[in-house]
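An overview of the molecular structure
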Amino acid sequence: MRWQGQQLGVDDTAALPGMERMDGLVRSVTTPEFAGMTFHEVLCKSALNRVPGVSAMPFDWTVNPYRGCNHQCVYCFARKTHEYLDLDYGSDFDSQIVVKVNVAEVLRTELRRGSWSREPVMLGTNTDPYQRAEGRYRLMPEIIGALTENRTPFSILTKGTLLRRDLPLLSDAARQVKVSLAMSIAVFDDALQHSIEPGTPSAEARLETVRAATAAGFRVTVFLMPIMPHLTDSVAALDDALARIRAAGAARVVYGALHLRPGAKQWFLQWLEREHPHLVSSYRGLYPGVSVSAPKAYRTWLGKRMRPLLRMHRLDGWDEDDHPRGRPQPGLAARTPPASSLGPLRSTGGPASVRPRVAPASEPTLF
């Protein structure tokens, strides 16, 4: 094993741009079992991230133990966030992984504050908490433990089969708090999956994880997202995907068309030009200029294609377009409704209107 060590508060002239001097940087590590990757171990100052009120997300709080992701999904919406670290949204996002080594300790401190009202917390909305790096750092068991001890409900969305390692811990947690599990499987064709998300486990390996979680007593949601025009939206492809999801025992499916946010859009189009050049003009027509979402007409067409297939496979299906912005979706943590809609609430140890002092998601910071 080769270690690249930095000392706190000392300039490192060989460091990546933007990382020459970081008081929270403990060290940068390379190791043979993760060839081509560098882990930047940092001491974070906050663990809970507040989701901005204007966001379409149905939850208010997230925890992200990692930044960057070695799943290497070409379409990943979080790519642009790496630029806040003076890293690029392409290969750096895939290979320069920031690891918040003290995240569980900081989370415990934040959860103990009297102002924390045990609102649901979501894991896996920015980068995957069960990416390969988790096999090395084992941050999730302590995070799960911290949330469970505090009686804070939580949800996990992942592409990682490493989730199976923590199923006994999650089963124990579910006896004390509400725990929701969701598996993201966008591509069921092995060749395409290796091309567009080369660092992910195969679809079959993820389905085996769905089976294992179902056997452990969880009602697992599968996110069949993103559905990509001309690549994964044929009747044959969708029928095969839903048949395999049903056979794995999933309780429901959430589906939606590809979004191409800044950073992800450029990286995806480069991949498309290299791997499927005949589709470039079609995609530029579907996602012109700075547009992020597929046209409404395409999304409506996709819904009409999906609904009879969902009925045929006897699956509970949710189209992300079917629900108002910010409303709960299966498999994701849901924000607590306003007190006015719930009636009187019992105190949880502090005024509900006071928030823990944590970094807002709208202000991207490394620590």
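Up top is the structure these notes are about.
We now turn to the structure provided with this report. (Residues numbered from 1 in each chain as written. Predicted model: local features only at pLDDT ≥ 70, side-chain atom pairs only at ≥ 80, totals over all residues. Heavy atoms only, no water.)

A closer look at the overall build of the protein
To be explicit about the condition: Here a strand is any run of E in DSSP of at least two residues, a helix any run of H or I of at least four, and the numbering for each starts at the N terminus. Partly exposed describes any residue whose relative accessible area lies between the buried limit of under 20% and the exposed limit of over 50%, with all areas from a 1.4 Å probe on protein chains only and scaled to the type maximum. By definition, residues are in contact when any of their heavy atoms lie within 4.5 Å. Using the Shrake-Rupley algorithm and a 1.4 Å probe, accessible areas are obtained, with residue cover drawn only from the displayed protein chains.
Counting its regular elements, the protein contains twelve helices and 13 strands. Taken over 367 residues, the protein has a buried fraction of 54%. Pairs at least 24 apart in sequence give 76% of the contacts found in the protein among residues at least 6 apart. Just so you have it, the protein exposes about 16300 Å², and 53% of that area is on carbon and sulfur atoms.

Remarks on the packing of helix H2 (residues 103-111) against helix H4 (residues 140-149)
We apply this condition: The axes are straight lines fitted to the C-alpha atoms, using for helices just the contacting stretch, and the angles between their N-to-C directions are given from 0 to 180°. Oblique is the label for every angle not falling under 35 degrees (roughly parallel), over 145 degrees (roughly antiparallel), or within 65 to 115 degrees (roughly perpendicular). The residue classification treats Ala, Val, Leu, Ile, Met, Phe, Trp, Tyr, Cys and Pro as nonpolar and Asp, Glu, Lys and Arg as charged. All others, Gly included, are polar.
Across the interface, H2 lies against H4 with an axial gap of 9 Å and an inter-helix angle of 10°. With respect to each other, H2 and H4 are oriented roughly parallel. Here Val 103, Ala 104, Leu 107, Arg 108 and Leu 111 of H2 come into contact with H4, specifically with Glu 142, Ile 143, Gly 145, Ala 146, Leu 147 and Glu 149. For the contact of H2 with H4, the per-class residue count stands at seven nonpolar, one polar and three charged.

Notes on the packing of aromatic side chains
Put simply, the rule reads: Centre distance within 6.5 Å is the pairing criterion for rings of Phe, Tyr and Trp, where only the six-membered ring of Trp is used; planes under 30 degrees apart are then read as stacked, over 60 as edge-to-face, and the remainder as tilted.
If you walk through the whole model with that rule in mind, you get seven aromatic pairs. In this structure an aromatic cluster arises from ring pairing among Phe 268, Trp 271, Tyr 283 and Tyr 287.

As for the sheet that holds strand E9 (residues 154-158)
Two orientations exist for strands paired in a sheet by backbone hydrogen bonds: parallel and antiparallel. Let me state the cut-off plainly: Two strands make a pair as long as DSSP finds a minimum of two bridges between them.
Taken in spatial order, the eight strands of this open sheet run E4-E5-E8-E9-E10-E11-E12-E13, and their pairing is mixed. If you trace the sheet from one side to the other, it starts and ends with strand E4 (48-50) and strand E13 (316-319), each paired once. Put simply, the sheet's adjacent strands are angled 25° from each other on average, direction ignored. Judged from the five bridges that link them, strand E11 (residues 221-227) and strand E12 (residues 252-257) form a sheet pairing that is parallel.

Structural notes on unusual backbone geometry
Of note, the bond from Met 225 into Pro 226 is cis; its omega dihedral lies within 30 degrees of zero at -5°. Mapping Pro 226 onto the fold places it in strand E11. At Arg 118, a residue that is not glycine, the phi angle is positive and equals roughly 55°. Here Arg 118 lies in the loop between H2 and strand E8 (121-123). Using a relative accessible area of 33% as the deciding quantity, one classes Arg 118 as partly exposed.

A few points about the pairing of strand E3 (residues 38-42)
Of all five residues in E3, five are buried; the element is thus mostly enclosed. Along E3, one buried face is formed by Thr 38, His 40 and Val 42 and the opposite face, lined by Phe 39 and Glu 41, is buried too. Alignment of strand E2 (residues 25-30) against E3, held across four bridges, turns out to be antiparallel. Bridge pairing in E3 links Val 29 to Phe 39. Both E3 and strand E7 (residues 96-100) contribute to a ladder of five bridges, which runs parallel. Looking across to E7, one finds that Val 42 is bridged to Lys 100.

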